Every structure is written in structure tokens, then in C-alpha cells.
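# Descriptive analysis of the structure
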Amino acid sequence: MSPAPATPPADTDADADAETGADTGAGLPELAPRERETLRHIAAGRTYLQTARHMGLSRHTVDAYLRRIRAKLGIHSTAELTRTAIALGL
């Protein structure tokens, strides 16, 4: 009896997402690391100014990040931002 050929484990979408950091599991576009960090702060209840100070940015930059996040994800309210942050595990 000859040994069965070794077959590598099949790649799963979760493995690919873990390697690339993509948010494809939920069908959402990928957010930049600073956008994800900003979203995490806002979802935690921080104000734009508190978020900006914690991240070492201006309030206007935080606003720009949040506008980009809203445009990418089609979100219109802070409540939706918070729900999305929870869904993404932020």
C-alpha cells in the first residue's frame, strides 16, 4: 500500500481575510487602519475632539475619516456607525 499523497488544507475565506485584513466576510469594503481606529473611538462614545486628541490628530481629520467611513459603508448616523463597529469586532 502506498501512502496517500499529502494535500494541503483548503484555504478558506476566513484564512484569506485574516492574512489580508479584508472585511469581505460581511461584504463591506476594507477600511484603512486609521479609519478603523477612528470608528472604534466613536463607537466607544468619544467625541470628535476626544478622538482627535487620543489619536494625535485634528478634529477636522477625524471628521474627514468619519465622512470616508460613512461613504464607504453607506452609513448615515452615529448609531449605524456604532452597530457596524460592533459587527466588525472593534
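One structure accompanies this document, and this report is about it.

Basis of the calculations
Residues numbered from 1 in each chain as written. Predicted model: local features only at pLDDT ≥ 70, side-chain atom pairs only at ≥ 80, totals over all residues. Heavy atoms only, no water. Helix = DSSP H or I, 4+ residues; strand = E, 2+ residues; numbered from the N terminus. Buried < 20%, exposed > 50% of the residue type's maximum accessible area, 1.4 Å probe, protein only. Contact = heavy atoms within 4.5 Å. Areas by Shrake-Rupley, 256 points an atom, 1.4 Å probe, with all protein chains shown as cover. Axes fitted to C-alpha atoms, helices over the stretch in contact; angles between N-to-C directions. Parallel < 35°, antiparallel > 145°, perpendicular 65-115°, else oblique. Nonpolar A, V, L, I, M, F, W, Y, C, P; charged D, E, K, R; others polar.

## Side note on the overall build of the protein chain
- A tally of regular secondary structure across the protein chain gives 5 helices and 0 strands.
- Put simply, the protein chain runs from its N terminus to its C terminus through helices and strands in the order α-α-α-α-α.
- Among the 90 residues that make up the protein chain, the fraction classed as buried is 28%.
- Contacts in the protein chain between residues at least 24 apart in sequence constitute 43% of all its contacts with a sequence separation of at least 6.
- Surface summary for the protein chain: the accessible area is close to 6,100 Å², and the carbon and sulfur share equals 56%.

## Comments concerning the packing of helix 3 (residues 48-55) against helix 4 (residues 59-73)
- Two elements in contact, helix 3 and helix 4, have axes whose closest approach is 8 Å; the angle formed by their N-to-C orientations is 105°. Viewed along their axes, helix 3 and helix 4 adopt a mutual orientation that is roughly perpendicular. Together, Tyr48, Leu49, Thr51, Ala52 and Met55 of helix 3 and Arg59, Val62, Asp63, Tyr65, Leu66 and Arg70 of helix 4 make up the contact between the two elements.
- Looking at the contact of helix 3 with helix 4 residue by residue, the class counts come to 7 nonpolar, 1 polar and 3 charged.

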